[in-house]
Amino acid sequence: MSACASVSGAAEPAPAAAPAQTPEWRLVIHGGAGVIVRGQMTEEAEAAYRAALLASLEAGAEILRAGGSALDAVEAAVIVMEDDPLFNAGHGAVFTAAGTHELDASIMEGSQRDAGSVAGVMRVKNPIRAARAVMEQSEHVMFAGPGADAFAEAQGLDMVDNTYFNTDRRRQALERVLEERARTAADRHGTVGAVALDVNGNLAAATTTGGMTAKAAGRVGDAPLIGAATYAENGVCAVSATGHGEYFIRVGVAKTICDRVKLAGESLEQAATTALDEVAALGGDGGVIVLGAGGAYSFVFNSEGMYRGEISQSGASTAIYRDE
Ligand code: GLY
């Protein structure tokens, strides 16, 4: 039996059942999975996370409501979380063992399966903008390290000193991990991501992370790897993942899910649960958001909770704990 928690919406297609209302558009987001237990979070902290998730949802929904693209929507939703120190993305990202920040991001659109990503960037304020610039302004899919920052700068993106990403909370986490020589699950999590469907039937996915606390300088996780944390294919599904990146890379989680949907005809939830069970069998944990071509969606995670939310023309919802 799987240890995954899952929540699905807008009804998976069911043979001979009345069709669920097809949303014109939908945006689904996550703000990281991890040990998030009801009762261990203050009311203020919970309210702050829910408000931040709603702000991200609304940023993307504004675009989708007006007929804009899924690609613009996932970028906008992720930027809100990159700018919010609650999340392990831009400002508020975790520290490397060297006391710096190295950020990873990727973006993919489903019509042509165009994709772009950056790994280990240290100066671009919003890594997801850099990933999109790689996709649209270069002949490549992935840039890494100083060359990725230089590319972003040449594209006119906002650049910052690496200390812009500092927060006291993440500094304290670094000091604790270095002293105890051990990471808690929370130290390994916090990636943000979004998947969207627009009124033209286009799917898109985006993921950004600071990685794991006290990671070795140069370590790259799953977030910038197309097929590991991010995947989108029109007519199939869009996925963004959060969790212990090494395991998500080895399983190729995002592409595995879309392939199982496409080739095996599995439901979003079945495909995601199978992929996360593979992650768990190897020793990893985390979660995914999955959005299907018809607007059905699923949150699946094998961690104690996942910051998450969903919005369509029917309204918005957020959730944090496993039992929501
Ligand atoms: N999932 C983010 C990371 O492991 O870097």
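Scroll up to find the structure.
Residues numbered from 1 in each chain as written. Predicted model: local features only at pLDDT ≥ 70, side-chain atom pairs only at ≥ 80, totals over all residues. Heavy atoms only, no water.

A word on the site of the ligand. The full set of residues close to the ligand is Thr191, Thr209, Gly211, Arg219, Gly221, Asp222, Gly243 and Gly245. Glycine 243 is positioned with one of its backbone polar atoms (N or O) 2.6 Å from a nitrogen atom of the ligand. Contacts to the ligand include glycine 245, whose backbone N or O atom sits 2.9 Å from an oxygen atom. Protein contact buries 100% of the 190 Å² of open area that the ligand shows by itself. (Near = heavy atom within 4 Å. Polar contact = N/O pair within 3.5 Å; in protein donor to acceptor, adjacent residues only side chain to side chain. Areas by Shrake-Rupley, 256 points an atom, 1.4 Å probe, with all protein chains shown as cover.)

Turning next to the pairing of strand β6 (residues 192-197). Each regular strand carries side chains that alternate between the two faces of the sheet. With respect to burial, β6 is a largely interior element, six of its six residues being buried. Side chains Val192, Ala194 and Ala196 project from β6 onto one buried face, and the interleaved Gly193, Val195 and Leu197 project onto a second face that is buried too. As defined by bridge partners, strand β2 (residues 26-34) adjoins β6 across five bridges and the pair is classed as antiparallel. Paired with valine 28 across the two strands is valine 195, which belongs to β6. As judged from the six bridges shared by β6 and strand β7 (residues 203-209), these two strands associate in the antiparallel manner. Its bridge partner lying in β7, glycine 193 is registered against threonine 207. Here β6 hands over to β7 after five residues, with glycine 201 in that stretch at a positive phi of 85°. (Buried < 20%, exposed > 50% of the residue type's maximum accessible area, 1.4 Å probe, protein only. Helix = DSSP H or I, 4+ residues; strand = E, 2+ residues; numbered from the N terminus. Pairing = 2+ DSSP bridges.)

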